[in-house]
Amino acid sequence: MVERRAEHAVKFFYTHLFWHNPAVRALFPDSLHDMERQRDRLFAALTHVIAHLDDERLGPYLRDLGRDHRKFLVRPEHYAAVGASLLAALAETSGAAWTPPVEKAWAEAYQVMADAMTAGADASEDPPWWDAEVVRHLRYGPDIGVLTLRPHAPFPYLPGQYTSVSSDRVPTAWRTYSIGNAPRPDGTVDLHVSRVDRGRLSTALVRETGPGDVLRLGAAGGQLTFRREDRPVSLIAAGTGWAPIRALLEDLAEHPCDQDVRLFVVARDGAHLYDRPLIDAYAASCAWLAVTYITPAPGRHRNQATDRLATALGNRGLWPDQDVYLSGPPPFIAETAHLLRELGARPGRLFHDAVPARGHGYGERPLGFGEWFLDRPAPHWHDPSARAPRTY
């Protein structure tokens, strides 16, 4: 019943929350677009949790999520406020179906979430975030920047992982960006940022941020970490999805595996192969590495690059024997993973971070929130529990 009136339920929830708790509004984004993203994520998360209440993995996930939410300045009293507004919104949209047993069940379910997240926040020994100073900013055209940061305290991560990032230039906004290097002795990290339309934080990072600015980093997460399984490896990167692949390649150069590695780098044009000198140097010095660049033909639309990649992958064999690591825009990952499965790659050997359902790319939404809610993609948010390689 609530799903059929999803948009009304969501608006009622936030109106109730901010009316009864005005101070809470400051924790949420200012812009309408960012607020819509937050709204979608919250209700997607709630439905995800409710659907998995009997899953034994839910408790650890919620505790990690509570630990990660400290960077949003969430305090214990905020969970009570959100719970009250959630129950009010459900009651408003359920009508006569909102009976005392239903209310009791929802109250107990929400308390499970709140208790687990609060426990995770209380037990964490990590800081809520890491302050990190920008020490270098390299621009590659108007829309790509590589920022080198020096965290003020040791920042733990694995090659291939990402971090959530915030800046005082766009208060309350956090976005995830891949870390573009393996751990270094000096502790610095590189962030590869591609500016997107209506992306306030990405625009600020690429065009306004410079040396001396301080950013905030959330705990590292992600599943694109290297598995040393004594099998041949294929690395496939598109756009700034090159960043985690570069981190994996750096780690492989330092600690080579015993198998051959194939690298496919996809770009919309030659100018976007901004790290080509480094890649060529690796190809020249590492006998185990074979590199293939994929770009459109001169004068052709940038989408031709993915067509050329499909041809190149089809001309390579041995996919059932390969471990494949994919990184790039969500639609690219979804389409390429589908193609590789058709070519014989084993699903358990295709590694990439979670992506939205096919057709729901970054910044895109269906016609209305109600349609999205009834046919919603898998929730796509920073997963703080993913701090180590997943067991497959």
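Quick notes on the rules
Residues numbered from 1 in each chain as written. Predicted model: local features only at pLDDT ≥ 70, side-chain atom pairs only at ≥ 80, totals over all residues. Heavy atoms only, no water. Pairing = 2+ DSSP bridges. Helix = DSSP H or I, 4+ residues; strand = E, 2+ residues; numbered from the N terminus. pLDDT = per-residue confidence, 0-100. Contact = heavy atoms within 4.5 Å. Core = buried A, V, L, I, M, F, W, Y, C linked by side-chain atoms within 4.5 Å. Buried < 20%, exposed > 50% of the residue type's maximum accessible area, 1.4 Å probe, protein only. Axes fitted to C-alpha atoms, helices over the stretch in contact; angles between N-to-C directions. Parallel < 35°, antiparallel > 145°, perpendicular 65-115°, else oblique. Left-handed = near helix turned anticlockwise from the far one by under 90°. Nonpolar A, V, L, I, M, F, W, Y, C, P; charged D, E, K, R; others polar. 1 Å grid on protein atoms, 1.4 Å probe; cavity = no way out; pocket = protein on both sides within 12 Å on 5 of 7 lines; lining within 4 Å. Points joined across faces, edges and corners; volume = space filled by probe spheres on them.

Student: Mind showing me how you'd approach the sheet that holds strand 7 (residues 233-238) here?
Tutor: Pairing between sheet strands relies on hydrogen bonds along the backbone, with the strands arranged either parallel or antiparallel. The strand order 9-8-7-10-11 describes an open sheet built from 5 strands, whose pairing is parallel. The open sheet has two edge strands, strand 9 (289-294) and strand 11 (350-351), and neither has a second partner. Looking at chain direction, strand 8 (residues 261-266) and strand 9 are connected through 6 bridges and run parallel. Opposite L263, over in strand 9, you have V291 as the bridge partner.

Student: Would you explain the confidence of the model for the protein in this entry?
Tutor: Interpretation of the predicted coordinates at a detailed level should be avoided for regions scoring low in pLDDT. Per-chain confidence: the protein averages 84 in pLDDT, with 88% of residues scoring 70 or above. Segment residues 355-392 is flagged for pLDDT under 50; beyond a separation of four residues in sequence, or across chains, it makes 92 contacts in the model.

Student: What is the right way to look at the nonpolar core in this model?
Tutor: Among soluble globular proteins, nonpolar side chains are generally buried collectively. In terms of nonpolar packing, the biggest core is built from 30 residues, with F13, Y14 and L62 touching the most fellow members. Contributions of two or more residues to this core are made by helix 1 (6-20), helix 2 (32-51), helix 3 (58-68), helix 4 (76-94) and helix 5 (100-123). For F13, the contacting residues outside a window of four places in its chain are L42, F43, V82, S85, L86 and A89. One finds V233, W242, L252 and V261 within the second-largest nonpolar core, a separate group that totals 26 residues.

Student: Looking at this structure, how should I read the packing of helix 1 against helix 4?
Tutor: Geometry of a packed helix pair, given as the angle between the helix axes and the separation of the axes. Here helix 1 crosses helix 4 at 140°, and the two axes come no closer than 8 Å. On the basis of their axis angle, the class for helix 1 and helix 4 is oblique. Judged by the sense of rotation from one axis to the other, the crossing of helix 1 with helix 4 is right-handed. Within the contact between the two elements, helix 1 uses H8, A9, F12, F13, H16 and L17 and helix 4 uses A81, V82, A84, S85, L86, A88, A89, E92 and T93. Residue composition of the contact of helix 1 with helix 4, grouped by class: 10 nonpolar, 4 polar and 1 charged.

Student: I tried to follow empty space enclosed by the protein on my own but got confused; where do I start?
Tutor: The probe, sized like a water molecule, is rolled over the atoms to show the empty space still left. A full pass over the atoms with the stated rule returns 3 cavities of 30 Å³ or more. The wall of the largest cavity is formed by 13 residues, among which G239, W242, V265, H272 and L273 lie closest to the centre. Where the lining of the largest cavity is concerned, the elements lending two or more residues are strand 7, strand 8 and helix 8 (276-285). Residue classes in the lining of the largest cavity are distributed as 9 nonpolar, 2 polar and 2 charged.

Student: What is the right way to read the sheet that holds strand 4 (residues 175-178) from this model?
Tutor: With antiparallel pairing, the 6 strands of this open sheet are ordered in space as 4-3-6-1-2-5. Each edge of the open sheet carries a strand with a single partner, namely strand 4 and strand 5 (189-194). Taking each pair of neighbouring strands and ignoring which way they run, the sheet shows an average axis angle of 45°. Across 4 bridges, strand 3 (residues 162-167) lies against strand 4 in antiparallel orientation. Bridge pairing in strand 4 places S164 opposite T176.

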